[in-house]
Amino acid sequence: MHDSGVFLLGAPQSFAERLPAAPADIESLIAFASRAFDYVLIDTPPSFTEHVLASVDVSDALVLIATLDIPAVKNLRVALDTLDMIGSPKDARIIVLNKADLLPHLSFDAALAVDYARRVNPALKVIRTSSTSGEGFEEWLAWIEQGVAAQRARRAATVADLYPRTYYGGF
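Keep in mind the model is a prediction, meaning the values are calculated, not measured. (Residues numbered from 1 in each chain as written. Predicted model: local features only at pLDDT ≥ 70, side-chain atom pairs only at ≥ 80, totals over all residues. Heavy atoms only, no water.)

## Remarks on the sheet that holds strand β1 (residues 62-67)
Alright, step 1. The parallel open sheet is built from three strands, whose spatial order is β1-β2-β3. Unpaired on one side and paired on the other, β1 and β3 (125-128) mark the two borders of the sheet. Across the sheet, the mean angle from the axis of one strand to that of its neighbour is 20 degrees, orientation sign disregarded.
Alright, step 2. With four bridges joining them, strand β2 (residues 93-98) and β3 adopt parallel strand pairing. When the bridges of β3 are listed, L97 appears paired with R128.
Alright, step 3. Across the sheet, helix α4 (residues 110-120) is in contact with β2 and β3; its angle to β3 comes to roughly 165 degrees. (Pairing = 2+ DSSP bridges. Helix = DSSP H or I, 4+ residues; strand = E, 2+ residues; numbered from the N terminus. Axes fitted to C-alpha atoms, helices over the stretch in contact; angles between N-to-C directions. Contact = heavy atoms within 4.5 Å.)

## So, the pairing of β1
Alright, step 1. Only one face of β1 is covered, namely the one carrying L62, L64 and A66; the face carrying V63, I65 and T67 has none of its residues buried.
Alright, step 2. Bridge count for β1 against β2 is six bridges, and the pairing is parallel. Paired with I65 across the bridge in β2 is V96.
Alright, step 3. Traced from β1 through helix α3 (residues 70-85) to β2, the parallel crossover comes out right-handed. (Buried < 20%, exposed > 50% of the residue type's maximum accessible area, 1.4 Å probe, protein only. Right-handed = clockwise from strand over helix to strand, strands pointing away.)

## Notes on the environment of N75
Alright, step 1. Considering the arrangement of structural elements, one finds N75 in helix α3.
Alright, step 2. A C-alpha to C-alpha distance of 9.8 Å links N75 and S47, two positions 28 residues apart in sequence.

## Re the side chain of S55
Alright, step 1. Take S55: it is sitting in helix α2 (residues 50-57).
Alright, step 2. Those residues in contact with S55, other than ones at most four positions away along the chain, are I26, I30 and I42.

## Here we look at the pattern of salt bridges
Alright, step 1. Here the structure, examined in full by the defined rule, presents three salt bridges.
Alright, step 2. The salt bridge partner of R77 is D81, with a shortest N-O separation of 3.0 Å. On the criterion of helical spacing, the pair formed by R77 and D81 is a turn pair, its members being four residues apart in helix α3.
Alright, step 3. Here R77 falls in the partly exposed class, since its relative accessible area comes to 42%. (Salt bridge = Lys/Arg side-chain N within 4 Å of Asp/Glu carboxyl O.)

## Some thoughts on the packing of aromatic side chains
Alright, step 1. Considering all chains together, one arrives at one aromatic pair under this definition.
Alright, step 2. Judged by centre distance (5.7 Å) and plane angle (5 degrees), the rings of W140 and W143 are stacked. Of this pair, W140 and W143 both sit in helix α5 (residues 137-162), three residues apart, which is roughly one turn of that helix. The two residues W140 and W143 agree in class, both being buried. (Phe/Tyr/Trp six-rings, centres within 6.5 Å; stacked < 30°, edge-to-face > 60°.)

## Observations concerning the nonpolar core
General note: in soluble globular proteins, nonpolar side chains tend to be found buried as a group.
Alright, step 1. Counting residues in hydrophobic clusters, the biggest one holds 18 residues, and the most contacted among them are L64, L76, I95, L97 and V126.
Alright, step 2. Secondary structure elements with two or more residues in this core: α2, β1, α3, β2 and α4.
Alright, step 3. Per element, the largest residue contribution to this core is five residues, and it comes from α3.
Alright, step 4. The contacts of I95, once residues within four sequence positions are left out, are L64, L76, L80, L124, K125, V126 and I127.
Alright, step 5. In terms of nonpolar packing, the next biggest core, distinct from the first, is built from five residues, I94, V96, I127 and W143 among them. (Core = buried A, V, L, I, M, F, W, Y, C linked by side-chain atoms within 4.5 Å.)

Shown next as structure tokens:
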């Protein structure tokens, strides 16, 4: 556990150190973690392996992070198309466009890219961030806090359902 209270289950240092895990094991691990913690963040590789797909299947939200360049946006489009193909809910997705501070120096129209993405998914949430300037991080943190609040509400409702609504006798 980090001093901030964050727990981390990190990836192994090398491929040889990893333990074999079936996709069902990944789903079970995520289910356990989501009961134990307010928020579970899974950093996956940029390809749709069976383990990544297992993670997607049990996730409440999908955060797709891309930089502001043509190859990254093309890969983002492929990812969104793949998520559509497997039936991932469109309203559970958010795109974080990083390195927004570089926009004035690029021949890339981020507004046009977002417009195209919203033609496919009008409800798509897009946040532009910059690790250098801090732009967008308040909005990004507000989105995370909203997710934490929703998870706590779901957990409270689940716990409330475990207790009988009517008590009989000496209670």
